[in-house]
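Okay, here's what each chain looks like letter by letter:
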Amino acid sequence: AQRVTQPEKLLSVFKGAPVELKCNYSYSGSPELFWYVQYSRQRLQLLLRHISRESIKGFTADLNKGETSFHLKKPFAQEEDSAMYYCALLGYGQNFVFGPGTRLSVLP
Amino acid sequence: GAGVSQSPSNKVTEKGKDVELRCDPISGHTALYWYRQRLGQGLEFLIYFQGNSAPDKSGLPSDRFSAERTGESVSTLTIQRTQQEDSAVYLCASSLFVGVSNEKLFFGSGTQLSVL
């Protein structure tokens, strides 16, 4: 089975605080994982992908195969980071499987 | 256009009517995906196209749902005899190739379908 879970529907942090958005997956094989973000009144867009090992807007995500996790982290949250975040997996059928999403609210 | 275009942006219909939702992907993108997002829920995969072919239709929730793509371009998602549970935002996305991990999906702004 292929599945992506994001246990937190809503996460609130204060500006400047560290943030971690959790993502766990179930997949047999070598997973390809992504984070997508949707800012208010904007389209869903790619934030980062694990294969690129990149840092975008200060966010990083490390694939932990032992824990089957791909948590998204940022050391100092900014108000403009407030958005809906989706973790996604490239599945067996070559389609992208998305998690339910976490709404991040960064408070001033 | 520069991005993925979906029409209509909003559709209100009566239970039992048929609806057609349209997606114009980015020119040259061979992969096209349809997702459904119910209120407060995540993205539910419906179907994807590689060119004009749909290798995986397993996500279509019932035989009332069908989709086609022509000219490796525009795609239409058709819902027959709509039910209230079909109310959702229907999202379309395209990418240059199918199933390539360094590809990214470009999403449309969605069609909000409301079935009364």
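Our subject is the structure that appears above.
Here the structure is a predicted model, which means the values were calculated and not measured. Here the residue numbers are simple positions, counted from 1 along each chain's written sequence. A letter from A marks each chain and a number from 1 marks each ligand, given out in the order of writing. Confidence filtering applies because this is a predicted model: local features only for residues at pLDDT of at least 70, side-chain atom pairs given and counted only at 80 or more, and all residues used for totals across whole chains, interfaces and linings. Water and hydrogen atoms play no part in the side-chain values, which are based on all heavy atoms of the structure.

Draft legend 1. The sheet that holds strand S7 (residues 65-69) of chain B, seen in detail. All names here are of chain B. Pairing between strands requires that DSSP locate at least two bridges from one strand to the other. Strands are runs of DSSP state E lasting at least 2 residues, helices are runs of H or I lasting at least 4, and numbering of each runs from the N terminus. Here we have 4 strands laid out as an open sheet, ordered S1-S3-S8-S7, and antiparallel in their pairing. Strand pairing shows two members of the sheet lacking a second neighbour, strand S1 (5-7) and S7, which therefore form its edges. Averaged over all pairs of adjacent strands, the angle between strand axes in this sheet comes to 15°, irrespective of strand direction. Two elements, S7 and strand S8 (residues 75-79), share 5 bridges in a ladder whose sense is antiparallel. Across the sheet, residue Glu 68 finds its bridge partner in S8, namely Thr 76. Whenever a helix is involved, its axis is fitted only over the stretch in contact; in every case the axis is a line through C-alpha atoms, and angles between N-to-C directions fall within 0 to 180 degrees.

Draft legend 2. Molecular detail of the nonpolar core. Here the nonpolar core consists of buried residues drawn from Ala, Val, Leu, Ile, Met, Phe, Trp, Tyr and Cys, with membership extended through side-chain atoms lying within 4.5 Å. Per-residue accessibility, obtained with a 1.4 Å probe over protein chains only, is compared with the maximum for each type, and a residue is labelled buried under 20%, exposed over 50%, and partly exposed between these values. By size, the foremost hydrophobic cluster in this structure holds 25 residues, and its most contacted members are Trp 35, Leu 47, Leu 48, Phe 70, Leu 72, Tyr 85 and Leu 104 of chain A. Contributions of two or more residues to this core are made by strand S2 (10-14), strand S3 (19-21), strand S5 (33-38), strand S6 (45-49), strand S9 (83-90) and strand S11 (102-107) of chain A.

Draft legend 3. Structural view of the interface of chain A and chain B. Only heavy atoms matter for contacts: two residues are in contact if any of them lie within 4.5 Å across the pair. Contacts between the two partners involve 18 residues from chain A and, on the opposite side, 23 residues from chain B. Defined in terms of a 1.4 Å probe, buried area is the accessible area two parts forfeit on being brought together, summed over both. Each partner contributes to the roughly 1,700 Å² buried at the junction of chain A and chain B, and carbon and sulfur atoms together form 55% of this total. Between Lys or Arg on one side and Asp or Glu on the other, a salt bridge is scored when a side-chain nitrogen of the former is within 4 Å of a carboxyl oxygen of the latter. Taken together, the connections running from chain A to chain B amount to 0 salt bridges. Only S5, S6, S9 and strand S10 (96-98) of chain A provide two or more residues apiece to the side of chain A that touches chain B. Residue classes in the side of chain A that touches chain B are distributed as 10 nonpolar, 4 polar and 4 charged. Following the grouping adopted for this structure description, the nonpolar residues are Ala, Val, Leu, Ile, Met, Phe, Trp, Tyr, Cys and Pro, the charged ones are Asp, Glu, Lys and Arg, and the polar ones are all others, Gly among them.

Draft legend 4. View of unusual backbone geometry. The residue after Ser 7 of chain B, namely Pro 8 of chain B, is reached through a cis peptide bond having omega -10°. One non-glycine residue with positive phi stands out, namely Arg 41 of chain A, at about 65°. Residue placement: Arg 41 of chain A occurs in the loop between S5 and S6. Positive phi is not limited to glycine here, since Arg 81 of chain B has a value of about 45°. Its relative accessible area of 42% is what places Arg 81 of chain B among the partly exposed residues.

Draft legend 5. Spotlight on the pattern of salt bridges. For the structure on display, the rule yields 6 salt bridges over all chains. For Glu 20 of chain A, the salt bridge is made with Lys 73 of chain A, and the minimal N-O distance between the two is 3.6 Å. Of the two residues, Glu 20 of chain A sits in strand S3 while Lys 73 of chain A sits in strand S8 (residues 72-74), which places them 53 residues apart along the sequence. Between Arg 64 of chain B and Asp 86 of chain B there is a salt bridge, with its nearest N and O atoms 2.8 Å apart. One end of the pair, Arg 64 of chain B, is in the loop between strand S6 (53-56) and S7; the other, Asp 86 of chain B, is in the loop between S8 and strand S9 (88-95), with 22 residues separating them in the sequence. Taken together, the salt bridges that share partners define one network made up of Glu 20, Lys 22 and Lys 73 of chain A.

Draft legend 6. The arrangement of the environment of Tyr 92 of chain A in detail. Residue and element names in this part refer to chain A. Along the chain, Tyr 92 turns up in the loop between S9 and S10. On a C-alpha basis, the gap between Tyr 92 and Phe 70 in space is 18 Å, while along the polypeptide they are 22 residues apart. Filtering out sequence-adjacent residues up to four positions away, Tyr 92 remains in contact with Ala 1, Gln 2, Tyr 27 and Ser 28.

Any functional reading would require information that these geometric values do not contain.
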